[in-house]
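# Working through the structure, step by step
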Number of protein chains: 2
Amino acid sequence: MTAFDDLMAFQRETSALGQIAGRLGWDQETVMPRGAAAQRSEEMAAIEGVLHARRSDPRVGEWLAAAEPPDEAGAAQLREIRRAFERAQKVPGALAAQIARTTSRAQGLWAQARADEDVAAFLPVLEEVVALKREEGAALAAGGSVYDALVEDYEPHTTGDDIAAIFDAMRPRLVALRAAVLDRPQPAGLTGTYDEGAQMKLSRKIAKVFGYDMTRGRVDKAVHPFSSGSGADVRITTRTNPSDPFNCLYSTIHEVGHAAYEQGVDAGFALSALGQGVSMGVHESQSRIYENQLGRSRAFTGWLLGEMRAAFGDIGIADPDAFYAAVNRVHNGYIRTEADELQYNLHIMLRFDLERALMAGDLQVADLETAWNDRFATDFGYPVDKPSNGLLQDVHWSVGLFGYFPTYALGNVYAGCLHEALRKAVPDLDAQLAQGDTSAATRWLRDVVQRHGSLYLPREVIERASGQVPSEGPILNYLEAKFGALYGL
Amino acid sequence: MTAFDDLMAFQRETSALGQIAGRLGWDQETVMPRGAAAQRSEEMAAIEGVLHARRSDPRVGEWLAAAEPPDEAGAAQLREIRRAFERAQKVPGALAAQIARTTSRAQGLWAQARADEDVAAFLPVLEEVVALKREEGAALAAGGSVYDALVEDYEPHTTGDDIAAIFDAMRPRLVALRAAVLDRPQPAGLTGTYDEGAQMKLSRKIAKVFGYDMTRGRVDKAVHPFSSGSGADVRITTRTNPSDPFNCLYSTIHEVGHAAYEQGVDAGFALSALGQGVSMGVHESQSRIYENQLGRSRAFTGWLLGEMRAAFGDIGIADPDAFYAAVNRVHNGYIRTEADELQYNLHIMLRFDLERALMAGDLQVADLETAWNDRFATDFGYPVDKPSNGLLQDVHWSVGLFGYFPTYALGNVYAGCLHEALRKAVPDLDAQLAQGDTSAATRWLRDVVQRHGSLYLPREVIERASGQVPSEGPILNYLEAKFGALYGL
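Residues numbered from 1 in each chain as written. Chains lettered and ligands numbered in written order. Predicted model: local features only at pLDDT ≥ 70, side-chain atom pairs only at ≥ 80, totals over all residues. Heavy atoms only, no water.

## Some thoughts on unusual backbone geometry
- Although it is not a glycine, A142 of chain A adopts a positive phi angle of roughly 50°.
- Relative to the helices and strands, A142 of chain A is located in the loop between α6 (119-141) and α7 (146-151).
- Even without a glycine there, the phi angle at H157 of chain B is positive, about 65°.
- Considering the arrangement of structural elements, one finds H157 of chain B in the loop between α7 (146-151) and α8 (160-182). (Helix = DSSP H or I, 4+ residues; strand = E, 2+ residues; numbered from the N terminus.)

## Details of the environment of L64 of chain A
All names here are of chain A.
- Mapped onto the fold, L64 is located in helix α3 (residues 58-66).
- Judged by its relative accessible area of 6%, L64 falls in the buried class.
- Separated by 60 residues in sequence, L64 and F4 have C-alpha atoms that sit 7.6 Å apart.
- Look past the residues within four positions of L64 in its chain and what remains in contact with it is L7, L78, I81, R82 and F85. (Buried < 20%, exposed > 50% of the residue type's maximum accessible area, 1.4 Å probe, protein only. Contact = heavy atoms within 4.5 Å.)

## A look at the sheet that holds strand β2 (residues 227-228) of chain A
Residues and elements named next belong to chain A.
- Across the sheet, 3 strands lie side by side as β1-β3-β2; this open sheet has mixed pairing. The open sheet has two edge strands with one neighbour each: β1 (219-221) and β2.
- When β1 meets strand β3 (residues 235-238), the two strands line up parallel, connected through 3 bridges. Paired with D220 across the strands is T237, a residue of β3. (Pairing = 2+ DSSP bridges.)

## What about the pattern of salt bridges?
Residues and elements named next belong to chain A.
- Within this structure, the stated rule accounts for 66 salt bridges over all chains.
- Across the pair E128 and R105 runs a salt bridge, and its minimum N-O distance is 2.7 Å. Here the residue E128 occupies a position in helix α6, and R105 occupies one in helix α5 (residues 93-116), the gap between them amounting to 23 residues.
- A relative accessible area of 34% places E128 in the partly exposed class. (Salt bridge = Lys/Arg side-chain N within 4 Å of Asp/Glu carboxyl O.)

## A look at the packing of helix α1 (residues 3-30) of chain B against helix α3 (residues 58-66) of chain B
Residue and element names in this part refer to chain B.
- Put simply, α1 and α3 touch, their axes get as near as 8 Å, and they point 140° apart. Considering their axes alone, α1 and α3 lie oblique with respect to each other. Relative to α3, the crossing made by α1 is left-handed. Along its contact with α1, which presents A3, D6, L7 and F10, the element α3 presents R59, V60, W63, L64 and A66.
- Tallied by class, residues from the contact of α1 with α3 come to 7 nonpolar, no polar and 2 charged. (Axes fitted to C-alpha atoms, helices over the stretch in contact; angles between N-to-C directions. Parallel < 35°, antiparallel > 145°, perpendicular 65-115°, else oblique. Left-handed = near helix turned anticlockwise from the far one by under 90°. Nonpolar A, V, L, I, M, F, W, Y, C, P; charged D, E, K, R; others polar.)

## Some thoughts on the sheet that holds strand β2 (residues 227-228) of chain B
- The 3 strands lie next to each other as β1-β3-β2 (chain B), forming an open sheet whose pairing is mixed. The open sheet has two free edges, formed respectively by β1 (219-221) and β2 of chain B, since each of these has just one partner strand.

Remember that the coordinates give geometry; whether it matters functionally is a separate question.
Following this line, the structure appears as C-alpha cells:
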C-alpha cells in the first residue's frame with residue numbers, strides 16, 4: 001500500500017461516515033418522531049465530531065505529504081482532501097464548538113423572532129453569530145478576505161470580487177426588466193384546489209420523466225424541499241399545497257436536478273472526495289436548468305398541461321400559451337423562496353451585498369434592518385411591510401451560513417451558460433420537451449457536468465461544459481428574451 | 001473533571017454513535033432504496049469500525065482503572081463499559097473483520113440454499129462460520145467454555161449450564177402437554193381476507209393501547225418485524241398478510257413490548273451504558289408478556305374481538321370463547337416464528353442443544369441436518385419434510401448468532417415469573433384487560449423492570465421484580481393451566 005492508497009482507503013471510510021450524517025439529516029426532516037429532536041442533536045454532534053477528527057487526523061497530513069497521484073483524478077482527490085484537511089487545521093476546535101452551540105441557539109431565537117415579528121429579539125444573538133463567523137473567517141483567511149474564506153466553503157476558488165463583478169453587471173438589467181414586466185397586464189394564475197395525493201403522484205411521474213432513478217432514491221414530503229445523499233442513495237423531498245400545485249411540481253423538478261447531479265457522478269468516484277457535486281453553485285446550476293430552462297419552457301409546459309388535466313381534470317386553463325404564462329407569472333412579493341425566475345436573483349444580490357459588508361465590518365448588525373429595507377425599496381419599488389417579509393425571512397444567517405446566498409444566483413448564471421450550449425448541442429430540444437422527453441437534455445448534462453463530480457473546479461467544469469468563461473450574459477439574454485416575449489415588451 | 005466524568009462523557013458519544021448505527025439498520029429494512037444496499041454495507045462497516053475503536057480505546061482502560069463510581073448506578077455504568085472494553089480487547093481485529101466478511105457471504109448463501117432446498121450448498125460456509133465463532137469464543141473464554149463466552153454477548157452472567165438446567169426441566173412437560181393438546185379436537189381458525197390498511201390502522205391503535213409513545217416512535221411495515229433504537233427514538237415495524245391479521249396484530253404487540261422496555265428506561269440513563277435493555281432474555285420477557293400473557297389472554301381477546309369486528313365487519317367468529325380459542329390455536333407446523341405459545345419453546349431447545357454441541361466440538365456441521373431431523377421427529381412426532389422447514393429455516397447461524405437462540409425461551413421463562421407477580425400486584429387485571437385497558441399492567445412492568453435499563457444483571461432484575469429466583473415453574477404452570485382449560489384436558 002502506497003501513501004496514496006492508504007489515504008484513499010481512509011477517505012473512503014470518511015466519505016461513508018459523511019453519507020451517514022446526511023442520512024440522519026434526511027431522517028430528521030421526514031420520518032423522525034418529534035420527541036427525538038434533542039437526542040438527535042447529540043447524535044449529529046457525535047458523528048460530526050468523528051468526521052472532524054478524521055478530516056484533521058495527523059495521518060492525513062502525512063499521507064498528503066507523501067502521496068503521489070497516479071493520474072488527473074488522483075490529483076483532484078488530493079486537492080479536495082487537502083482543502084478539507086487545511087480547513088480543519090485552521091479552525092480551533094473550541095471556536096467550532098462555540099459556533100455550533102451559538103447557531104443552534106440562534107436558530108431557535110430566529111424562528112421565535114420571525115413568528116413574533118420582533119427583530120430586536122434576534123439581533124443580539126445575530127451579533128454573536130456574526131462575530132464568531134468573522135473570527136472563523138479570519139482564521140481561515142490567514143490575512144486575506146474574511147468573506148472570501150467563508151465563500152470557499154460553498155464555492156471553492158471563487159471570491160467575493162468575482163461574484164460582485166457578475167452581480168453588479170446583472171442588477172441594472174434585471175431591475176429594468178422587472179419594472180417593464182410589472183408595467184404590463186398580468187396573466188391569470190391557477191385557481192381552485194388540487195388533490196395532494198394526485199400532486200405527489202404526478203410529482204413522482206415527472207421525477208422519472210427527468211431521469212430520477214427511483215432504485216437509488218425516493219420521494220417524500222417535507223416542510224422545506226431538499227435533496228440528500230450521494231451515489232447509490234440520493235433522496236429528494238417535496239411539499240404540497242392544495243391551492244398551488246406548481247409549488248409541488250417545480251420543487252420536485254428542482255430537487256431532481258440536484259439529485260441527478262449526485263446520481264450522475266461516475267461510479268468510480270463513489271465514496272471518494274470526488275464523489276459529489278463540486279460546489280453549491282454548480283449544484284444549483286443543475287437544479288435550476290431542470291426547473292427553469294427545461295421545466296418552465298413553453299415546450300415542456302405544453303406537455304405538462306396535458307398531464308395536469310389528466311391528473312386534476314379541468315384546471316380552468318385550456319390554452320397552452322395561457323398555461324405557459326401562468327407558470328411563468330411575475331408578480332410582486334417579498335419572499336425569496338417564492339420568487340419567480342426573473343426576480344429571484346435580485347433577492348440574492350441584496351443578501352450578498354449586506355452579508356459581505358457585515359463580514360468586512362462595513363455594516364453593523366444594528367444597522368442591518370434599515371440597510372435591508374432601503375435596498376429592497378430601491379430594487380423592488382415598494383417597502384417591506386413586516387420583518388418576516390424582510391430581514392427575518394431566511395434561516396441562513398442564524399445558522400451561520402455567510403457566503404452561501406450568492407451560490408444560488410451563481411447557479412442561475414451557470415445554468416444560463418449551460419443552457420446556451422445545450423441548445424446548440426440538441427437543436428430539436430423543444431420538439432422533445434413538447435413530448436415530455438427530457439432524455440437528450442439530461443444525458444448531455446450528465447455527460448458534460450454531472451459525471452465529473454468534484455473532478456474539476458466549479459468554474460472550470462462550467463467552462464468545459466459550455467465552451468465559455470462563465471458570465472452573466474447568457475442568463476440575462478435568456479431572461480430578457482423569455483419575459484420580453486411573454487409580456488410583449 | 002474526574003476520570004469517571006471523562007469516561008461518562010466519552011461513553012455518551014459512543015452511545016449516540018451506537019444509536020446512529022441502529023437507525024441505519026431501521027432505514028435499511030424500511031425505506032432504503034434497493035439500489036443502495038452495497039453502499040449501505042460500507043456505511044455500516046464504517047460506523048461499526050468507529051464504534052469498535054471507541055469501545056477498545058486505550059483511554060477507556062485508563063479511565064476504568066482510575067474511575068471511582070459515585071453510587072450504585074455509577075458502579076453499574078463501569079461494569080457495562082468494562083464488559084464491552086474487555087470484549088473488544090480480547091477479539092483480534094483481523095478475526096472480527098473475517099467474521100464480518102464471512103457471515104455477510106454466508107447470509108447470501110443461506111438465503112439461496114433455502115430457496116433451492118439445498119443443504120449441501122450451505123454447509124461449507126456454515127463450517128467456516130462455526131470455526132470462526134469457535135475461535136472467537138475461545139478468545140473470549142480464555143480457557144473457559146466457548147459457548148458460555150458467546151452467550152455472554154446476549155445474556156450476560158448466564159451460562160449454558162444455567163440454561164440447560166431450565167430447559168431440561170421444561171422439555172418433558174412441554175412435550176407431554178403438546179401431545180395431549182394435539183390429541184383433542186381443534187378449534188376453528190380465521191377464514192376470509194382482511195384489508196391490509198385496516199390491519200395497520202388497528203395495529204397502531206393497539207400499540208397505543210399498550211402504552212407505546214408515538215411521539216418517541218413510529219410504526220412501519222417490514223418483511224421481518226423488529227424494534228429499533230433506545231430512549232427518545234424507538235421505532236417498531238410489523239407486517240401484514242391478507243389472510244392472517246393475527247400475524248400483524250400480535251407482531252405489533254410483541255414489538256411494542258420490546259419498545260416499551262426501551263422507551264421506559266429512566267431518562268437519566270439516556271445515552272449511557274445503562275440506557276437500554278440489559279439482555280436479550282429480559283427484552284424477550286417484555287415482548288412475550290405483552291404478546292402472550294396480556295395480549296392472548298381471554299380477557300384481552302374479548303376486547304380485541306370487538307375491535308376486529310369494528311375494523312373488518314363480520315369475521316366469522318362472534319363468540320368470545322371461540323375467538324379466544326382461535327387466537328390460541330395449537331397446530332402442527334415446522335417453523336419457529338409461526339409457532340404458538342406452547343410449542344415455541346421446543347423449537348428453541350432443539351436449536352440450543354445443537355448449537356451448544358457444535359461450539360463444544362461434540363457435533364460436526366456434516367452431521368447437523370441429521371441431528372436436527374432426529375430431534376424434531378422425537379419432540380414433534382413427525383418428520384421434517386424439507387430443509388426450508390428444518391435446518392435452513394432460520395438466518396441466525398449463517399450470520400454467526402450462536403448463543404442467541406436460548407434467550408427467546410429464557411424470555412418466556414422470565415415472562416412466566418413476572419406474570420405470576422403481576423397477577424398478585426394487580427388482582428383485577430382481567431377486568432381491566434376486558435376493557436382494553438393495559439395501563440396498570442404496563443405501569444407495573446415499567447416500574448419493576450423497564451425503568452432500570454441495564455442497572456441490574458438480567459436474572460437479578462427478574463428476581464427483584466418477581467420476588468423469586470427465575471425458574472421454569474411459573475411458565476409451565478401457566479401454559480398447562482391455559483391450554484388445559486382451552487383443550488379440556
